[in-house]
Amino acid sequence: MKINALVARDAAKPLSSDQIALRPVQQQDVKIEILYCGVCHSDLHMARNEWAVSRYPLVPGHEIVGRVVETGAEVTHFKAGDIVGVGVMVDSCRECHFCQQKEEQYCESGFVATYNGIDKVTGDSTWGGYAQNVVVDQHFVVSVPQTLPLAGVAPLLCAGVTVWSPLRHFGVKAGDKVGVVGLGGLGHMAVKLANAMGAEVTLFTTSPAKGADAKRLGAKHVVVSRDAQQMAEAQTSLDFIIDCVSAPHDLDPYLATLKTNGRLVLVGIPEQPHQSPNVTPMVNRRLSISGSSIGSIQETQEMLDFCGKHNIIADIELIAGEQIESAFARMLQGDVKYRFVIDVQATRW
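Here is what the cut-offs are and how they apply
All residue numbers refer to positions counted from 1 along the written sequence of the respective chain. With pLDDT at 70 or above as the cut-off, local features in this predicted model cover only qualifying residues; side-chain atom pairs require 80 or more to be listed or tallied, and sums for whole chains, interfaces and linings still use all residues. As a convention, hydrogens and water are excluded, and side-chain values are obtained from all of the structure's heavy atoms. Helix and strand assignments come from DSSP, with helices taken as H or I runs of at least 4 residues and strands as E runs of at least 2, each series counted from the N terminus. One less than the residue count of a helix, multiplied by 1.5 Å, gives the span that helix is expected to have. Type-normalised accessible area, obtained with a 1.4 Å probe on protein chains alone, sets the label of each residue: buried when under 20%, exposed when over 50%, and partly exposed for intermediate values. Working rule for contacts: check all heavy atoms of both residues, and any pair within 4.5 Å makes them a contact. In the analysis that follows, any N or O atom pair within 3.5 Å is treated as a polar contact, provided that within protein one partner can donate a hydrogen and the other can accept it, and provided that, for residues neighboring in sequence, both atoms belong to side chains. Between N-to-C directions, angles cover 0 to 180 degrees, with each direction set by a line fitted to C-alpha atoms, over the stretch in contact for helices. Roughly parallel means an angle under 35 degrees; roughly antiparallel, over 145; roughly perpendicular, 65 to 115; everything else is oblique. Note: crossing handedness is left-handed where the near helix turns anticlockwise from the far helix by less than a right angle, and right-handed where it turns clockwise. Paired strands are those between which DSSP finds at least two bridges.

Enquirer: Outline helix H5 (residues 185-196), supporting the account with residue identities and numerical values.
Expert: Look at H5: 17 Å from first C-alpha to last across 12 residues, which is about the 16 Å you get at 1.5 Å a residue. Burial analysis of H5 places 10 of its 12 residues in the buried class, the great majority of the element. Residues of H5 that are buried include every one of Gly-185, Leu-186, Gly-187, His-188, Met-189, Ala-190, Val-191, Lys-192, Leu-193 and Ala-194, and no others. Once H5 ends, the next one or two residues include Gly-198, with phi positive near 95°.

Enquirer: Describe in detail helix H10 (residues 297-310), supporting the description with residues and values.
Expert: When the terminal C-alpha atoms of H10 are compared, their 20 Å separation across 14 residues agrees well with the 20 Å that a helix rising 1.5 Å per residue should span. Residues of H10 that are buried make contact with strand E6 (89-91), strand E9 (142-143), helix H3 (150-153), helix H4 (159-169) and H5. The residue sitting at the N-terminus of H10 and contributing the capping side-chain oxygen is Ser-296; that oxygen lies 3.4 Å from the backbone nitrogen of Gln-298. After H10 finishes, the residue Asn-311 shows a positive phi value of roughly 55°.

Enquirer: Tell me about the packing of H4 against H5, and please be specific about residues and values.
Expert: Contact geometry for H4 and H5: axes closest at 8 Å, N-to-C directions at 50°. For the element pair H4 / H5, the angle class is oblique. Here H4 and H5 pass one another in a crossing that is right-handed. Residues Ala-159, Gly-160, Thr-162, Val-163, Trp-164 and Leu-167 of H4 form the contact with H5, whose participating residues are Gly-185, Leu-186, Met-189, Ala-190, Leu-193 and Ala-194.

Enquirer: An account of the environment of Gln-301 is requested, with residue identities and associated values reported.
Expert: Tracing the backbone shows Gln-301 in helix H10. With 158 residues separating them in the primary sequence, Gln-301 and Ser-143 have C-alpha atoms 6.9 Å apart. A distance of 2.8 Å separates a polar atom in the side chain of Gln-301 from the backbone nitrogen of Ser-143.

Enquirer: Give me the pairing of strand E13 (residues 238-243): which residues, what numbers.
Expert: Counted residue by residue, E13 has 5 buried out of 6 residues, so it is predominantly covered. The pairing of strand E10 (residues 177-181) with E13 spans 4 bridges and is parallel. Directly across from Gly-179, in E13, lies its bridge partner Ile-241. Pairing of E13 with strand E14 (residues 258-266), which is carried by 5 bridges, proceeds in the parallel orientation. Bridge pairing in E14 places Phe-240 opposite Arg-263.

Enquirer: Give a description of the side chain of Thr-347 that names residues and reports values.
Expert: Inspection of the secondary structure puts Thr-347 in the segment after strand E17 (339-343). Of note is the side chain of Thr-347, whose polar atom sits 3.0 Å from the backbone oxygen of Asp-343. In this structure, Thr-347 is in contact with Ala-320, Gly-321, Glu-322 and Ile-342, ignoring residues within four places of it in sequence.

Shown next as structure tokens:
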């Protein structure tokens, strides 16, 4: 089953249009015609082999929205014509403790990534969403609310659920005071979701110019983290912080803004470790630092349903596939508000 895709052949070359072979549709499989695919920063890392785990050829993309065009004989959850999504995972062991409790993202054997993973049927690499179609087991497919603009839904499948998962897991609720560090692809979704949950949101940013946009997205307060006076005024004011920055930085100033029993959750992964935080205030005020990785299939569906109810989508810039290299270059410069999304139907293969 040959389809067109944007393929990385090695770390030094740009992505180019080529053909790949999808696996035959299995009994539990759903074949999806891809309409939109978000461009995650991890796609660039993988295309350039910056994490030293890329296997070529490679087709990036794990923020997929599309239409079901074929189903296997045992598929019960979806039918042709359904609008669906696929995120970061397309399989897991299904048997370990975490899979059994519907937390596949922490599968003890490691989940199968949507791309650059090992397909459990063929043994070959999995292919991502920078392509015309994808074939996925129905368990790892989610329903997309029909009320939302589909291009803006695509980044919810990774960026959205990555911040939704800790907000829900740690019980953020209406009236809580929540800080968000960084206003990028993850951060802007954290602001929107926390605000819709009824939390009072404070955005921490190094750029004063982002203040107005942060308030448009739902932040009540904006703190410029390089301004010592503003950081001092924010001390012991927050219940919870979600840190979306993927560059190493000092965590102590953010810990200082937490109330006793407060929690700082890291969702960004820096290339170099953060410096060790000062333990004394953590002990004296029972502060916690946690991490959180993407979200389960159940959490992804809950997040999409919540977004459908509250009319939440990502802020995006729509591109055609042939613009992917310029989009990568702009993404490195922070020149996007706040996520590129490929219009697959508009792409010239």
